[in-house]
Amino acid sequence: MAKFINWKSNWFNSNFELFVDGIQKGAIKFIGWTSDAETAFEDKNYFFTNIGFWKSKTNVIDRKTNEIVASITYDSWKSKAIINMISGEHYEWKPTSFWKSEWIVSNYKDANIVYSSSSKSGSITSDTNNSLLIIAGLFIKQIYTKRAAAMAVYFVPLMVATMVGN
């Protein structure tokens, strides 16, 4: 049976709230300006912590057991990510629209989660109850959004300075 979730995010802090049938059932709270986040959805709590140069990998820690339950690796050139569960399962995150307003998390067998966004809100349709995968899809989207913003902050002044200098 499909699960329908609505979400909204805050303009100022990138946090997300997740709603099922109009009732808040979860949240993703980013810690300061970092890309680390505390997350909760229904009865699951996770901590997403980025490691490596350029934050190319994220470990996901189950807050109840304090054990790593998954890792996420990013392919920035293709705007894709792979969610590697400790159980050995692998799921792919990738955008499905040019403007990245729609994306999917899937193992291309029995788990498909479809996301859509409009400004700072959107919806999720999931055929799995895996809270980690549902949250990971929004977390990864925000990682790529933050990376794009950082690139713009870096390159736009550089381009302007180059144009003004000529």
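Below is a short write-up of the structure. (Residues numbered from 1 in each chain as written. Predicted model: local features only at pLDDT ≥ 70, side-chain atom pairs only at ≥ 80, totals over all residues. Heavy atoms only, no water.)

Things to note about the nonpolar core
- Grouped together as the largest cluster of nonpolar side chains are 36 residues, with contacts concentrated most on I72 and I83.
- No other element matches the 10 residues that helix α1 (residues 131-165) contributes to this core.
- Excluding residues that lie within four positions of it along the chain, I83 makes contacts with A70, S71, I72, E89, H90, Y91, V105, L133, A136 and I140. (Core = buried A, V, L, I, M, F, W, Y, C linked by side-chain atoms within 4.5 Å. Buried < 20%, exposed > 50% of the residue type's maximum accessible area, 1.4 Å probe, protein only. Helix = DSSP H or I, 4+ residues; strand = E, 2+ residues; numbered from the N terminus. Contact = heavy atoms within 4.5 Å.)

Description of the environment of T73
- Residue placement: T73 occurs in strand β7 (residues 67-75).
- Taking the C-alpha atoms as reference, T73 lies 8.0 Å from N84; in sequence the two are 11 residues apart.

What to know about the pattern of salt bridges
- Going through the model one piece at a time under the given rule, you end up with 4 salt bridges.
- In this structure, E42 engages K3 in a salt bridge whose closest nitrogen and oxygen atoms are separated by 2.9 Å. One end of the pair, E42, is in the loop between β4 (37-41) and β5 (44-51); the other, K3, is in strand β1 (residues 3-9), with 39 residues separating them in the sequence.
- Take K3: its relative accessible area is 13%, and that puts it in the buried class.
- Between E92 and K80 there is a salt bridge, with its nearest N and O atoms 3.1 Å apart. With E92 in strand β9 (residues 90-95) and K80 in strand β8 (residues 80-85), this residue pair connects regions lying 12 residues apart in the sequence. (Salt bridge = Lys/Arg side-chain N within 4 Å of Asp/Glu carboxyl O.)

Section: the pairing of β4
- A one-sided burial pattern is seen for β4, the buried positions being A37, T39 and F41 and the unburied ones E38 and A40.
- When strand β3 (residues 23-30) meets β4, the two strands line up antiparallel, connected through 5 bridges. Looking at the pairing, G26 lines up with F41 of β4.
- Connecting the antiparallel pair β3 and β4 is a turn made up of 6 residues, with G32 showing a positive phi of about 55°.
- Pairing of β4 with β5 involves 5 bridges; the strand directions are antiparallel. Considered in β5, the bridge of A40 is made with N45.
- Turn length for the β4-β5 hairpin, with the two strands adjacent in sequence and antiparallel, is 2 residues, and the turn residue E42 shows positive phi of about 55°. (Pairing = 2+ DSSP bridges.)

Digging into the packing of aromatic side chains
- Applying the stated criterion across every chain, the model contains 8 aromatic pairs.
- Between W7 and W103 the ring centres are 6.4 Å apart and the planes differ by 55°, which places this aromatic pair in the tilted class. With W7 in strand β1 and W103 in strand β10 (residues 102-106), this pair connects stretches of sequence that are 96 residues apart. Each member of the pair, W7 together with W103, is buried.
- Taken together, a centroid distance of 4.9 Å and an interplanar angle of 80° make the contact between F98 and W99 edge-to-face. (Phe/Tyr/Trp six-rings, centres within 6.5 Å; stacked < 30°, edge-to-face > 60°.)

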